Amino acid sequence: MFKKILVANRGEIACRVFRTAKAMGIPTVAVYSDADRDALHVMMADESVYIGPSPSVESYLVIEKIIDACKASGADAVHPGYGFLSENKKFCQALGSAGISFIGPGVKAIDSMGDKITSKAIAIKAGVNVVPGYDGIVQNSDEAVEVAKGIGFPVMLKASAGGGGKGMRVAWNEKECIEGFERATSEALSSFGDGRIFVEKYIKDPRHIEIQIMADGFGNIVYLGERECSIQRRHQKVIEEAPSPFLTEAVRKKMGEQSVLLAKAVDYQSAGTVEFIVDSDMNFYFLEMNTRLQVEHPVTEAVTGFDLVELMIRVAAGEKLPLSQGDIRLQGWAIEARVYAEDPFLNFMPSMGRLGRYISPQGEGVRVDTGITEGGEVSRFYDPMISKLIAYGSDRNEAIERMIDALDAYYIRGVQHNISFLSALVAHPRFSSGEFTTNFINDEYPNGFNPGLVFQDDPAICVVAATVIHKKHNDRGAMISGQLSGHEYVPLEELVVIMDNGVTAHQVTVEYSNQTYSVTLDDTVYCIATDWHIGEALFKAKINGRTICLQVDEVGRALHLFHRGAKKEALVVSPRVAELSCHMLTKEPPDMSKHLLSPMPGLLIKLTVKVGDIVKIGQELAIVEAMKMENSLHAISEGVVKKTPANVGDILAVGQLIIEFK
Ligand code: ADP
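Residues numbered from 1 in each chain as written. Predicted model: local features only at pLDDT ≥ 70, side-chain atom pairs only at ≥ 80, totals over all residues. Heavy atoms only, no water.

1. Points about the site of the ligand
And then number 1: By nearness alone, 22 residues border the ligand, and Lys 116, Gly 165, His 208, Gln 232 and Glu 288 come closest of all.
And then number 2: Lys 201 is positioned such that a nitrogen or oxygen atom in its backbone is 2.8 Å from a nitrogen atom of the ligand.
And then number 3: Protein chains bury 95% of the 550 Å² of accessible surface belonging to the ligand in isolation.
And then number 4: Among the elements of the structure, β6 (155-163), β7 (166-171), β8 (197-201), β12 (270-278) and β13 (284-290) are those that each provide at least two residues to the shell around the ligand.
And then number 5: No other element matches β6, which puts 4 residues into the shell around the ligand.
And then number 6: Looking at the shell around the ligand residue by residue, the class counts come to 7 nonpolar, 8 polar and 7 charged. (Near = heavy atom within 4 Å. Polar contact = N/O pair within 3.5 Å; in protein donor to acceptor, adjacent residues only side chain to side chain. Areas by Shrake-Rupley, 256 points an atom, 1.4 Å probe, with all protein chains shown as cover. Helix = DSSP H or I, 4+ residues; strand = E, 2+ residues; numbered from the N terminus. Nonpolar A, V, L, I, M, F, W, Y, C, P; charged D, E, K, R; others polar.)

Rendered as structure tokens:
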């Protein structure tokens with residue numbers, strides 16, 4: 001076995017690998033950049049080596065620095081995690097020359113599977129079903145149109161070097177094909193330094209289903225079932241689950257066996273994933289093979305009971321796979337949600353900052369893989385993922401229930417996050433039905449996500465909880481001696497709960513006896529048992545027998561309550577104050593309709609209009625690049641351009657003015 005393992009990565013995946021290495025009794029080494037000095041992965045490792053400035057091209061992506069870190073620390077093996085150098089054959093070769101083991105596949109597999117065009121050719125030869133299309137590189141947009149016509153629209157334009165949903169565009173006609181070719185090429189060049197594009201048939205309404213394989217150095221290869229990854233936004237996975245609610249045992253077996261054939265064809269060793277798209281008739285087509293541990297590997301671990309990182313370490317150290325195909329049984333159901341620092345209500349704009357408060361959920365069947373703790377920073381240099389939340393249950397319904405409850409109890413402050421969106425997704429009736437495709441998010445949220453689309457639970461829950469919280473405050477206040485008259489302890493109180501700045505108002509009575517609060521609202525009596533203390537972020541209670549968890553922020557006199565992804569504001573007052581409050585003036589918000597503001601921090605790479613231009617609805621106005629994705633901003637009404645204060649090349653802050661209209 002290895003003497004010491006260095007993880008050439010950061011964040012949650014570095015922590016994930018350290019956890020298993022520790023359990024196996026293997027000493028660990030972290031590497032870190034300036035931005036990661038105080039990161040969790042550095043704290044978790046037995047020792048750590050500084051590898052340079054924050055931008056990953058100057059630290060995590062520099063092969064020599066990782067090799068030097070191995071030499072300095074005496075590490076004899078490297079786990080690359082995912083991303084960064086995990087699928088870089090030069091890295092693999094450099095480690096080999098330095099006599100350090102790579103915990104992953106061999107150079108041949110990485111090299112051939114790293115390129116979509118090459119891997120497709122190998123897959124065809126190995127007898128794997130592939131997406132029909134053109135297997136050459138298209139040189140320009142005219143050729144792209146030519147090829148697309150041959151295949152038949154719609155088509156998918158894809159960067160051969162692509163990954164993470166970048167450098168990919170769907171085209172339904174010639175015009176989209178020309179635009180798509182240009183956008184995909186420029187995205188591919190800026191993300192991968194390789195602008196080669198190919199064209200394949202766009203499979204309508206597919207599912208994305210992938211097979212986990214594991215192979216040792218003795219020719220033993222097994223598949224560990226599938227993961228359903230159809231819930232995607234911009235071709236990037238948001239929710240994954242195992243098993244798939246769609247596959248039959250027979251198709252699972254066929255996909256597994258073809259994946260093993262492909263792995264054999266490239267002498268695969270270690271963990272790998274063969275990605276397929278599956279159409280509504282259960283025809284499946286190979287997309288690509290990822291020669292590394294996937295982000296979503298925990299759902300496979302949950303349903304198979306195997307620790308994939310441990311298996312990777314063992315086979316890399318020369319051990320035989322300790323399992324054969326017959327040992328693999330899928331048991332129960334697991335769902336993973338990717339928790340991101342982004343604002344789902346502002347077009348998923350990435351959010352950066354410090355996690356002022358952070359409480360992650362716990363409980364039976366709940367796993368949180370994270371690389372960050374309270375006080376830690378989501379920095380602009382890296383992927384804005386906060387964690388992966390995994391819920392496991394004996395069946396799909398139980399897994400969904402546990403996921404919904406865990407999201408309720410996930411308290412994150414300091415950065416914007418996507419918990420509301422994740423809650424809405426997993427509570428969506430179409431998600432629970434299991435009948436969805438990769439278009440799920442586009443179909444259900446065609447105009448993006450907004451507060452009106454969050455999951456709607458019984459509105460009484462927040463009213464009742466706010467009443468109890470208020471009563472707790474009143475009762476504590478009454479315990480302090482010398483209260484003014486009117487503020488003494490009263491067992492039964494009449495109150496008014498004003499929700500969302502007066503959208504609704506509810507008359508309630510509340511009484512405390514026998515460790516239980518009784519709240520009467522609209523002739524219904526709610527019995528609430530809770531051991532919540534003033535100041536606690538999570539209000540856990542049983543309301544008429546139902547267990548709930550609400551997040552509470554006390555902001556001045558108001559309560560901000562978060563439940564099922566919805567935010568409610570409650571103000572609890574006496575009936576007299578409620579009566580007077582309707583005479584208060586409200587402040588009008590300023591008119592911002594004549595301004596195009598940057599919806600995200602990013603680089604202004606194109607300004608399509610100039611002063612005096614008349615713009616039409618839907619016309620492109622500017623392109624902002626953020627997290628290496630090009631975001632095109634369009635006019636939502638007609639207008640005349642008055643000023644363009646931002647220039648191409650400017651780094652824009654959120655809300656920075658790009659264009660002002662007359
Ligand atoms: P990446 O390497 O960037 O992740 P993939 O080839 O794995 O790209 O594709 C990512 C997603 O894009 C798939 O899960 C699927 O939703 C969609 N996709 C890719 N190719 C096609 C296609 N030919 N037809 C329909 N959807 C596709």
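Here the narrative resumes.
2. With respect to the packing of helix α6 (residues 116-126) against helix α9 (residues 249-265)
And then number 1: Contact geometry for α6 and α9: axes closest at 9 Å, N-to-C directions at 115°. Classified by the interaxial angle, the pair formed by α6 and α9 is roughly perpendicular. For the element pair α6 and α9, the recorded crossing hand is right-handed. Residues Ile 122, Ala 123 and Ala 126 of α6 pack against Leu 261, Leu 262 and Ala 265 of α9.
And then number 2: Across the contact of α6 with α9, the residue classes tally to 6 nonpolar, no polar and no charged. (Axes fitted to C-alpha atoms, helices over the stretch in contact; angles between N-to-C directions. Parallel < 35°, antiparallel > 145°, perpendicular 65-115°, else oblique. Left-handed = near helix turned anticlockwise from the far one by under 90°. Contact = heavy atoms within 4.5 Å.)

3. A word on helix α12 (residues 396-408)
And then number 1: Its 13 residues place the ends of α12 18 Å apart at the C-alpha level, agreeing with the 18 Å of an ideal helix rising 1.5 Å per residue.
And then number 2: Those residues of α12 not exposed but buried are Arg 396, Ala 399, Ile 400, Arg 402, Met 403, Ile 404, Ala 406, Leu 407 and Asp 408. (Expected span 1.5 Å × (residues − 1). Buried < 20%, exposed > 50% of the residue type's maximum accessible area, 1.4 Å probe, protein only.)

4. A look at helix α4 (residues 89-97)
And then number 1: Those residues of α4 that fall on the buried side of the exposure criterion are Phe 91, Cys 92 and Leu 95. Summarising the axial view, the buried residues of α4 lie within an arc of 100°, below the 170-degree limit, and thus occupy one face. α4 presents Lys 90 and Ser 97 as exposed residues on the side facing more than 90 degrees away from its buried surface.
And then number 2: Those residues of α4 hidden inside the fold are in contact with α3 (63-73), β4 (77-79), β5 (101-102) and α5 (107-113). (Arc of directions from axis to C-beta.)

5. A closer look at the nonpolar core
And then number 1: One finds Ile 239, Ile 386, Ile 412, Leu 425 and Phe 431 to be the most contacted residues of the largest nonpolar core, which totals 40 residues.
And then number 2: Taken together, the elements giving at least two residues each to this core come down to β11 (236-242), β14 (333-340), β21 (385-393), α12, α13 (419-426) and α15 (440-444).
And then number 3: Each residue touching Phe 431, except ones within four places of it in the same chain, is listed here: Ile 231, Ile 239, Glu 241, Ile 335, Arg 396, Ile 400, Leu 425, Val 426, Phe 436 and Phe 440.
And then number 4: Core analysis: the next-biggest nonpolar cluster, separate from the first, contains 32 residues, Ala 77, Val 309, Met 312 and Leu 323 among them. (Core = buried A, V, L, I, M, F, W, Y, C linked by side-chain atoms within 4.5 Å.)

6. What about the packing of α3 against α4?
And then number 1: Their axes nearest at 10 Å, the elements α3 and α4 cross at an angle of 30°. Our classification of the angle between α3 and α4 gives roughly parallel. Considering the relative orientation of α3 and α4, their crossing is right-handed. Here Ile 63, Ile 66 and Ile 67 of α3 lie close against α4, whose contacting residues are Lys 90, Phe 91, Ala 94 and Leu 95.
And then number 2: In the contact of α3 with α4, the residues fall into 6 nonpolar, no polar and 1 charged.

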